[in-house]
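Read off the chains here:
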Amino acid sequence: MKALRLLLLFATPCLFGQESIAVTGIVRHALTRDPLPNILVTLNRTDAPYPESAATTVPGGRFEFRVPPGAYRLMAESPIFGGQYYGAPSFQSGPAVSLVLEPGARPSPLDFRLTPPAAIEGAVTDAFGEPVHAAHLQLFQTYILDGRQRVIPRGSAITNDLGEYRLPGLGPGEYYLVATGTPWHTGDEFTLRGGSHFVPRFYPNARTAESAAPLFLRIGEEVRADFRLDESTSPAVAIQLVDPPTGIALRLSIHARGVGGRNRLQHSGTVFSSLHRVDGIPPGEYEVVVQGVARGKQYRGSARLSLSSDDITLAMPVSEMPTIAGRFACSGPSSGQTTLTLYDPDQSARVPAMLRPDGTFTTPPITPGRYSFLLAASSNCYLHRLTLAGQPLPENRLTVGVDPITGLLVETKAGAGSLHGILRHGDLPQPGVKVYLAPVPPNEIGPYRVYLTDSDGSFDFRRLPPGRYALFLAPGAPELFEYANPEVIAPYLKTAPTIDLEANQRIRHDIAQPGPQ
Amino acid sequence: MLLVFLRHALPLCLISLSALSQATFPLTGTVTNATTGEPIPRARVVVTPLTSTGEAREIAFTDLAGAFRFPTLPAGKYSLFAQKPRFKANGLSPGPPIDLSGPLESLPVPLVPYGVIAGQVADAGGQPLRYVRVDAYRQVVVLGYHQLTRAGTAATDDRGNFRIWDLPAGRYFVRAMSRAGGTFSLADESAPSTVGRQAFAPVYAGGFERLAEAIPTDLAAGQQARADFRLPNLPAYRVRGTVTGLAPALPVRFELRRFDTEPTEPRTFFNPATGVFTMFDLLPGAYQLHIRQGERSAMLTAEAPVKVGPGDVAPILLEALPPTTLTLRSEGPGTFPCTSLLIEADKPLPRATSLNSDIPERVPPGEYHVLASCSDAVVERIRYGRTEILESSRLTIPTGAPPAELTVTRSTRSGILLIARQGETARSPVLLLPGQAATGAPRLLNDEEISARGLKLLPGKYTLHALRDRLAPFRDPAFLGQFSYGSSVQIENDQTTQVVIEKHSQP
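Once a new chain begins, its residue numbering starts again from 1 and follows that chain's sequence as written. Here every chain gets a letter starting at A, and every ligand a number starting at 1, in the order they are written. Given that the model is predicted, a residue must reach a pLDDT of at least 70 before its local features are reported, and side-chain atom pairs must reach 80 or more before they are shown or counted; all residues, however, enter totals for whole chains, interfaces and linings. For the side-chain quantities, the full set of heavy atoms in the structure was used; hydrogens and water were omitted.

**As for the interface of chain A and chain B**
Going by this rule: Residues are treated as being in contact if the distance between any of their heavy atoms lies within 4.5 Å. Buried area is a sum: the accessible area each of two parts loses on coming together, probed at 1.4 Å, counted once for each and added. Just to be clear on terms, a salt bridge is a Lys or Arg side-chain nitrogen sitting within 4 Å of an Asp or Glu carboxyl oxygen. Counted as a polar contact is a pair of N or O atoms within 3.5 Å, where, for protein atoms, one must be capable of donating a hydrogen and the other of accepting one, and residues adjacent in sequence contribute only when both atoms are in side chains.
Listed as interface residues are 28 residues of chain A and, on the opposing side, 30 residues of chain B. Together, the buried faces of chain A and chain B total about 2,800 Å²; carbon and sulfur atoms form 57% of this surface. When the buried surface of chain A facing chain B is broken down by residue, Pro 79, Trp 184 and Phe 190 of chain A rank first, second and third, together holding 27% of it. One can count six salt bridges joining chain A with chain B. The salt bridge partner of Asp 188 of chain A is Arg 44 of chain B, with a shortest N-O separation of 2.3 Å. Inspection of the region where chain A meets chain B yields seven residue pairs in polar contact (both at pLDDT 80 or more).

If you want it as structure tokens, here you go:
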């Protein structure tokens with residue numbers, strides 16, 4: 001139904017001439033409410049990658065567009081504020097509230113609140129109070145990803161010659177910060193044994209990840225975080241590559257445990273020979289990885305390094321990276337173009353699988369991990385199960401090691417359905433409200449979805465496998481609401497309506513927002 | 001008597017020699033800021049015996065008073081190296097070595113501090129611009145030519161501030177350029193999403209587009225200079241085109257060169273399957289477009305002049321071609337083959353391609369300086385195909401040029417020049433200027449060429465100049481014009497001529 005409505009929206013100019021609708025508004029500072037001039041505002045169709053129109057706000061913060069009917073996203077950006085979608089709570093968090101412009105519509109002027117970014121800055125000094133140049137600051141943020149709370153890397157900074165750093169462009173939220181570094185006199189030809197290192201420090205100058213404290217940032221806040229790094233002697237570390245490809249340089253990275261299960265980078269460099277010396281590594285537990293390309297092939301080696309105060313030589317086999325080969329099958333009449341993407345949320349890795357006309361596919365070389373499969377948005381197929389050597393894979397996830405995998409069967413079924421409707425409070429459509437969808441009963445696989453209602457209060461969940469679903473609102477839910485956590489959403493599901501969705505079905509289910517009118 | 005000496009004195013001599021070789025002495029000193037004279041604490045001082053490998057080196061750190069101490073160094077010769085962040089690593093090497101045959105106390109080790117160029121970049125309305133690239137170019141001399149080398153690069157932060165540090169003293173030209181000259185989003189490091197119909201013009205300090213008009217920043221040792229920029233936001237256009245002949249899977253670089261600056265890499269969408277490309281956010285002007293794929297000898301290149309604006313540029317067609325194969329031929333009397341060196345001209349960091357006789361080399365298109373030498377004869381002529389070129393003059397290899405020969409002709413005639421440097425010029429570099437272009441190009445002679453064996457030259461008239469600075473721009477006419485003195489010499493065939501240089505030509 002909504003597809004038909006959108007089709008009509010876009011077809012209207014062709015049928016009735018180029019009708020244009022005025023979209024006007026004022027961009028304001030979200031905290032001071034002051035109008036903001038000289039802000040670039042762009043309007044792009046929800047189904048097109050490029051902006052339809054662009055304008056710069058005039059004194060008074062006003063902007064105006066005249067565009068054909070359709071569904072649009074509005075974005076405001078400036079060098080100071082960065083970019084932010086209309087309806088998003090801050091510039092770093094989506095999604096946007098889509099503007100649905102029906103033929104003949106006269107939308108009210110928009111109030112676009114642009115949130116100023118926050119920043120963390122500080123200085124890193126050594127035990128002598130001297131600035132530490134080239135110290136590495138790694139920032140992590142607690143974030144909702146795929147409906148579950150995760151800690152994700154949110155950027156890094158390197159100190160300048162004065163030991164100063166700055167991490168700008170941050171949204172409000174909970175952050176963790178870690179400072180590492182190598183003394184300037186370690187890592188060159190004069191370094192004796194393993195040289196020395198700076199003991200990593202977690203904000204606020206804690207020695208371990210467990211004792212790290214979060215840094216809470218509010219909108220537009222500038223927070224200072226200084227670090228003092230103590231120097232200590234490092235053991236000598238040598239990496240002995242086993243069977244490396246000849247004649248190429250390999251990228252080396254050494255990661256240690258960071259915050260929230262995320263690794264932090266301790267050291268990176270380039271390996272030119274099979275025996276490579278690394279200076280300035282503190283005792284601890286590490287994952288060491290080398291990777292590089294030679295003659296069109298990708299090579300990788302990895303090993304665990306458990307480093308005490310003793311010198312060590314780490315043997316690391318290097319081999320060609322594996323690929324995944326298999327077959328894709330969609331039972332039933334499929335429509336739309338199908339593309340497959342392997343996705344490992346733990347390392348935020350996405351690997352496309354090239355589908356051939358006969359349904360077979362091979363991925364590019366892939367790093368070890370635990371991958372799920374994503375299907376293209378235009379396909380009506382949904383993932384049914386993954387089978388390897390006749391055995392279904394638990395939770396439809398594929399574990400990749402160092403060996404290539406062949407014979408993977410990706411079984412999908414045609415007939416994905418959709419669930420849409422309008423959220424109203426009384427008779428009034430409610431734009432910009434999060435509507436959640438969960439499988440009934442809740443499970444570990446999903447799908448779990450969230451939709452920020454459009455300007456007309458509508459929501460639209462597409463490409464859903466047949467099954468029983470619950471639609472719910474979560475008023476008063478925390479900022480980091482885990483809408484894919486069965487335990488967290490259980491209270492909301494008690495009163496949520498359930499809908500049985502069959503193959504190829506498109507069900508409309510409006511929601512009435514509770515509360516006094 | 002001799003027997004008595006051998007019996008008594010010789011063992012004593014041997015003992016004292018042995019004792020001397022095993023004797024240890026203290027070496028102490030102070031590391032200071034060469035500009036302010038202040039002591040430098042926590043500097044690293046490395047002494048290395050000149051007669052052994054690096055394993056025997058000793059390392060010390062200075063105390064709060066900048067003092068260092070090696071209490072027991074074996075007698076011998078050493079080099080000393082001192083280092084501290086924000087100072088140019090320096091010491092007494094490669095200067096005269098330290099001869100430690102007794103205690104050496106209070107050795108002064110001055111370190112020259114680096115300078116800093118910092119400032120802010122804003123748009124014409126004064127709004128700070130983030131992620132704008134700022135380059136500090138330093139004027140250096142390469143092969144006697146003034147050239148710019150990029151000494152440092154920084155990106156502005158969210159407040160538009162930048163800071164480039166560890167800069168040696170010298171003359172700098174500072175340029176601010178947003179990424180691909182772009183708009184708000186293009187100045188960001190993320191993928192651009194904007195309509196991109198405006199772009200920021202790159203400017204040198206002072207607001208000038210061209211290097212020739214730019215105001216230099218003369219940076220003294222340890223100085224912090226400021227350079228602020230206002231980038232004008234101008235209408236921008238697109239260039240569409242198709243390039244054929246590229247390999248399908250390798251990355252492609254699109255570069256635009258304008259004026260006398262480094263080429264920029266505009267934001268470009270490129271479809272490797274069709275060869276169709278679109279370059280965005282280009283300011284009006286005349287450019288040279290370079291499309292490159294691969295490196296050096298395997299590089300495919302396509303070039304075309306492009307005039308941008310007003311309005312987008314209609315589709316242009318280019319063909320990527322492989323590099324030219326160049327073969328060096330040696331001709332004329334002589335036994336040993338000649339060699340040649342092609343050095344990229346007008347590049348901040350020029351690369352050199354060496355050519356050996358009869359071995360084909362693939363040379364990318366471009367402008368080169370050509371040098372040639374023959375070990376047993378004097379070079380008389382150099383030809384590129386049928387074109388005569390003078391030594392060290394420019395050679396242009398066009399894109400897609402067919403295979404060609406570079407022919408070096410040995411001369412049958414030559415004389416020997418013996419150069420003696422006396423007085424103030426005893427250790428000075430010597431510049432040789434031919435009286436006629438046909439007898440060669442200006443040459444800065446090295447010590448080997450000034451040695452007792454003499455220098456073999458084509459017969460003709462030459463002028464010799466003792467210089468004060470080995471890094472002199474000796475191919476710059478303005479530099480040569482300031483000479484007030486020179487030693488003229490006439491070289492005759494099969495004759496040896498001696499000249500004595502006693503005065504510097506440079507004022």
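Moving on from the model shown.
**What about the sheet that holds strand E24 (residues 285–293) of chain B?**
Sheets are built from strands that pair by backbone hydrogen bonding, the pairs being arranged parallel or antiparallel. Residue and element names in this part refer to chain B. Where we set the bar: DSSP calls a pair of strands paired once it identifies at least 2 bridges connecting them. Starting at the N terminus, helices and strands are each numbered in turn, a helix being any DSSP run of H or I of at least four residues and a strand any DSSP run of E of at least two. The axes are straight lines fitted to the C-alpha atoms, using for helices just the contacting stretch, and the angles between their N-to-C directions are given from 0 to 180°.
Across the sheet, which stays open at both edges, the three strands sit in the order E21-E24-E25 with antiparallel pairing between neighbours. Each of the sheet's edge strands pairs with one partner strand only, and the pair in question is strand E21 (252–257) and strand E25 (300–308). Adjacent strand axes in the sheet meet at a mean angle of 20° when their direction is disregarded. With six bridges joining them, E21 and E24 adopt antiparallel strand pairing. In the strand pairing of E24, Arg 257 is matched with Gln 288.

**Topic: the domain arrangement of chain A**
Residues and elements named next belong to chain A. Selection rule: How far each domain reaches was decided by an automatic or database domain assignment. Note on residue categories: nonpolar means Ala, Val, Leu, Ile, Met, Phe, Trp, Tyr, Cys or Pro, charged means Asp, Glu, Lys or Arg, and polar means any other residue, Gly included.
One can read the domain layout of chain A as domain 1 (2–114), domain 2 (118–319), domain 3 (324–414) and domain 4 (417–512). Between domain 3 and domain 4, the C-alpha centre-to-centre distance is 27 Å. Every contact between the two is made by seven residues of domain 3 and, on the other side, five residues of domain 4. Interface area for domain 3 against domain 4, summed over the two sides, is near 540 Å², with a carbon-plus-sulfur share of 62%. Our count for the domain 3 to domain 4 interface comes out at zero salt bridges. Applying the counting criterion to the domain 3 and domain 4 interface returns zero residue pairs in polar contact (both at pLDDT 80 or more). Grouping the amino acids of the side of domain 3 that touches domain 4 by side-chain chemistry returns four nonpolar, two polar and one charged.

**Brief notes about the packing of aromatic side chains**
What counts here: Any two of the Phe, Tyr and Trp rings considered here, Trp counted by its six-membered ring, make a pair once their centres fall within 6.5 Å; the pair's planes then place it as stacked at under 30 degrees, edge-to-face at over 60, or tilted in between. For the exposure calls, accessible area comes from a 1.4 Å probe over protein chains only, and a residue counts as buried if that area is under 20% of its type's maximum, exposed if over 50%, partly exposed in between. Criterion for a charge above a ring: Arg CZ or Lys NZ at most 6 Å from the ring centre, at most 35 degrees from the ring normal.
Within this structure, the stated rule accounts for 18 aromatic pairs over all chains. Each ring, one from Tyr 86 of chain A and one from Phe 112 of chain A, has its centre 5.6 Å from the other, and the planes form 65°; the classification is edge-to-face. Placement of Tyr 86 of chain A in the loop between strand E6 (82–85) and strand E7 (99–101) and of Phe 112 of chain A in strand E8 (residues 110–114) is noted, with a sequence separation of 26 residues between them. Judged by its relative accessible area of 17%, Tyr 86 of chain A is buried. Among the aromatic residues, those joined into a ring-pair cluster are Tyr 436, Phe 472, Phe 481, Tyr 483 and Tyr 492 of chain A. Here the guanidinium or amino end of Arg 350 of chain A rests over the ring plane of Tyr 343 of chain A, the centre of that ring lying 4.5 Å away. The ring of Tyr 485 of chain B is capped by Lys 503 of chain B, whose NZ or CZ atom sits 4.7 Å from the centre of that ring.

**Quick look at the side chain of His 290 of chain B**
All names here are of chain B. By the secondary structure assignment, His 290 is in strand E24. Engagement of the side chain of His 290 in a polar contact is seen with the side chain of Glu 303, the distance being 3.3 Å. The residues touching His 290, leaving out its near neighbours within four places in the chain, are Arg 253, Phe 254, Glu 255, Arg 257, Ala 302 and Glu 303.

**Examining the nonpolar core**
Our working definition: To form a nonpolar core, buried Ala, Val, Leu, Ile, Met, Phe, Trp, Tyr and Cys residues must be joined to one another through side-chain atoms within 4.5 Å.
Ranked by size, the top nonpolar core spans 26 residues in total, and within it Phe 277, Leu 289, Ile 291 and Leu 318 of chain B carry the most contacts. If you list the elements that add at least two residues to this core, you get strand E20 (237–244), E21, strand E23 (276–282), E24, E25 and strand E26 (313–319) of chain B. Each residue touching Ile 291 of chain B, except ones within four places of it in the same chain, is listed here: Val 243, Leu 246, Val 252, Arg 253, Phe 254, Phe 277, Leu 300, Thr 301, Ala 302 and Leu 318 of chain B. Core analysis: the next-biggest nonpolar cluster, separate from the first, contains 23 residues, Leu 43, Phe 65, Leu 99 and Leu 452 of chain A among them.

**Looking at the environment of Val 363 of chain B**
Residue and element names in this part refer to chain B. Checked against the element boundaries, Val 363 lands in strand E30 (residues 361–363). Along the sequence, Val 363 and Pro 403 sit 40 residues apart, while their C-alpha atoms lie 9.9 Å from each other. Aside from chain neighbours lying at most four places away, what touches Val 363 is Pro 323, Thr 324, Leu 326, Leu 342, Thr 353, Tyr 368 and Ile 397.

**Some thoughts on helix H2 (residues 486–493) of chain A**
The periodicity of an α-helix, 3.6 residues per turn, causes residues three or four places apart in sequence to face the same way. This is how it is decided: The reported arc concerns the directions from the helix axis to the C-beta atoms and nothing else.
All buried positions along H2 of chain A are accounted for by Pro 486, Ile 489 and Leu 493 of chain A. Buried residues along H2 of chain A cover an arc of 75° about the axis, so they all sit on one side.

**Side note on the state of the cysteines**
How we decide: Cysteine sulfur atoms that pair up within 2.5 Å are treated as a disulfide.
By the definition in use, this model includes two disulfides over all chains. At a sulfur-sulfur separation of 2.1 Å, the disulfide partner of Cys 330 of chain A is Cys 381 of chain A. The sign of the -100° torsion about the S-S bond sets the Cys 330 of chain A-Cys 381 of chain A disulfide as left-handed. One end of the pair, Cys 330 of chain A, is in strand E28 (residues 324–331); the other, Cys 381 of chain A, is in strand E33 (residues 381–388), and 51 residues separate them in sequence. For Cys 381 of chain A, a relative accessible area of 3% translates into the label buried. Each sulfur of the disulfide joining Cys 338 of chain B and Cys 374 of chain B lies 2.0 Å from the other.

**So, the pattern of salt bridges**
This structure, assessed with the given rule, holds 43 salt bridges over all chains. Among the salt bridges present, the one from Arg 253 of chain B reaches Glu 255 of chain B, with a minimum N-O distance of 2.9 Å. Judged by its relative accessible area of 39%, Arg 253 of chain B is partly exposed. Measuring nitrogen to oxygen at the nearest pair gives 2.8 Å for the salt bridge that ties Glu 405 of chain B to Arg 329 of chain B. Of this pair, Glu 405 of chain B sits in strand E35 (residues 404–410) while Arg 329 of chain B is found in strand E27 (residues 324–331), placing the two residues 76 residues apart along the sequence. Accessibility expressed as a relative area gives 35% for Glu 405 of chain B, which makes it partly exposed. For Arg 329 of chain B, a relative accessible area of 30% puts it in the partly exposed group. Several salt bridges share partner residues, and in doing so they unite Glu 121, Arg 166 and Glu 222 of chain A together with Asp 157, Asp 158 and Arg 159 of chain B into one network.

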